[in-house]
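So the chains spell out like this:
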Amino acid sequence: MALTYQGLDSGGLWAGNRDDIIIGGVTDDVRIRFTVSDSSGQLATFTERYTAIDGKIRILRLGEIAKTYFKMPSLESASQLWGVRPVISGEVFDLDGGSLGSFSQAYYYSEFPMEIPLPANYKSFLTRYSSRTILPGQLEYLAWIDHSQDLIIGILYSDEIPVYGQTATQPKYKQISVKAGNSHNIRIEKLSLSRIQLLLSANGISVSEDHILSFDAYLYEGNILIDKIQFRIDRNSKIQRQDVIYFNPFRIPAALILTGQNQRSADFNATYLNIGTLYRKVDTNLVIKNECYTGYIDRQSRDAVYDLAVSEPLFRFENSKLQQITLLDLDISESEPSSEPICLKITFRISDDERQLNFTRPTWNNNKVFDISFDNSFN
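If you're wondering where the values come from, they're calculated on a predicted model, not measured in any experiment.

Criteria and cut-off values
Residues numbered from 1 in each chain as written. Predicted model: local features only at pLDDT ≥ 70, side-chain atom pairs only at ≥ 80, totals over all residues. Heavy atoms only, no water. 1 Å grid on protein atoms, 1.4 Å probe; cavity = no way out; pocket = protein on both sides within 12 Å on 5 of 7 lines; lining within 4 Å. Points joined across faces, edges and corners; volume = space filled by probe spheres on them. Helix = DSSP H or I, 4+ residues; strand = E, 2+ residues; numbered from the N terminus. Disulfide = S-S within 2.5 Å. Pairing = 2+ DSSP bridges. Buried < 20%, exposed > 50% of the residue type's maximum accessible area, 1.4 Å probe, protein only. Contact = heavy atoms within 4.5 Å.

Draft legend 1. Highlighting the layout of surface pockets. Approximately 730 Å³ is the volume found for the largest pocket. Taken together, 22 residues line the largest pocket, and the ones lying closest to its centre are R316, E318, N319, Q323 and N358. Elements with a contribution of two residues or more to the lining of the largest pocket: β17 (242-247), β19 (262-275), β20 (278-293), β21 (314-318) and β22 (321-331). The volume enclosed by the second largest pocket comes to roughly 410 Å³.

Draft legend 2. Structural view of the state of the cysteines. Tallied over the entire structure, the rule returns zero disulfides. Cysteine C292 is unpaired, with the sulfur of C343 as its nearest cysteine sulfur at 11 Å.

Draft legend 3. Focus on the sheet that holds strand β2 (residues 13-14). Strand order in the open sheet formed by five strands is β2-β9-β8-β4-β5, with mixed pairing between adjacent strands. Across the chains shown, the open sheet's two edge strands, defined by having one partner strand only, are β2 and β5 (41-50). Bridge analysis of strand β4 (residues 30-38) against strand β8 (residues 87-94) gives eight bridges, and the strand direction is antiparallel. If you follow V30 over to β8, its bridge partner there is D94.

Draft legend 4. Quick look at the environment of I155. Along the chain, I155 turns up in strand β12 (residues 150-157). For I155, a relative accessible area of 0% translates into the label buried. Measuring from C-alpha to C-alpha, the distance between I155 and I332 comes to 36 Å, with 177 residues separating the pair along the chain. Leave out the neighbours within four places in its chain, and I155 touches K172, Y173, K174, I176, I196, L200, I212, S214 and F215.

Draft legend 5. Geometry of the pairing of strand β16 (residues 224-233). Note: strand β10 (residues 131-134) against β16, four bridges, orientation parallel. Counterpart to T133 in the pairing with β16 is R232. Here strand β15 (residues 212-221) runs beside β16; their pairing, made up of eight bridges, is antiparallel. When the sheet's bridge partners are listed, E221 is paired in β16 with I224. Counting the residues in the hairpin turn of β15 and β16 gives two residues, including G222, whose phi is positive at 65 degrees.

Written out as structure tokens, the structure reads:
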């Protein structure tokens, strides 16, 4: 039998798309031995039997199998090439064990079907956002499939610290290029204000984070602008905030800043026993829940909340530390026509049972003017 294949793409498929692989030229039942591998080696192998219908067999939803073998990118690395993507290979045999042919297909992660070009032709940023308002200390991540694009970061800064976003002197502008190759892996760049400040310092510009006014990220292919994201910095709002790090539909780290009210409650679960003549509590499980409102958000951030709902794992970013959390509930309520402004509620807990409580103590300050020697004899 001479086999033909439909539905394959040498540049990779999105794992969430429902792309079927159709093998033609099949007259009898066949067995296919599948092998899942990535750059680290072979991950799994299994065999299935297929029955031909009208000379064809249809292999359904291989992308769903590939999704279970994707590894997570690093949250700590400032710059990384996320190159671990599964390849599923298939060897076709007749029922007597004779080899009839083979195929293979690589996959890029997507949580659900993507109505965008296939990975070989998709050269834009892997994010919902085209503009972002960020707060000091916020983590941001940029990602794209490396097809020889250049990342250009345009930074607006001042020699003096702005007051309410304004400076008395003319702001300055610096473009910094982050070159990539043509690896077809996913390039991820962490773009906090501290990273921007370090990029400026590496280019001979010594300013603090407070001097940075805004920045833009561009993707160029040669001289052609492919995509752009604007980042505005909000230093004026003194708001309650909770920074949550999740993974977007491409399994790329992303940040959602919850700026609404934060309510804390606790589930108190205990075990009680009669010990002699005493009724005692012998075991306590205290789970502290955080109920956080997003604050008013636009539709892009609303969709990002949906991404957060299915993301695993989740992290809280607080005091420059990442702490894994577990989503307990998500309160979403909207109506059409538009019900903007939109505000949603997210309920979560710390994942680690032993980290429900913590101990902190302010450092003693020895710079006070008066101490215990100050009494009524002081002159």
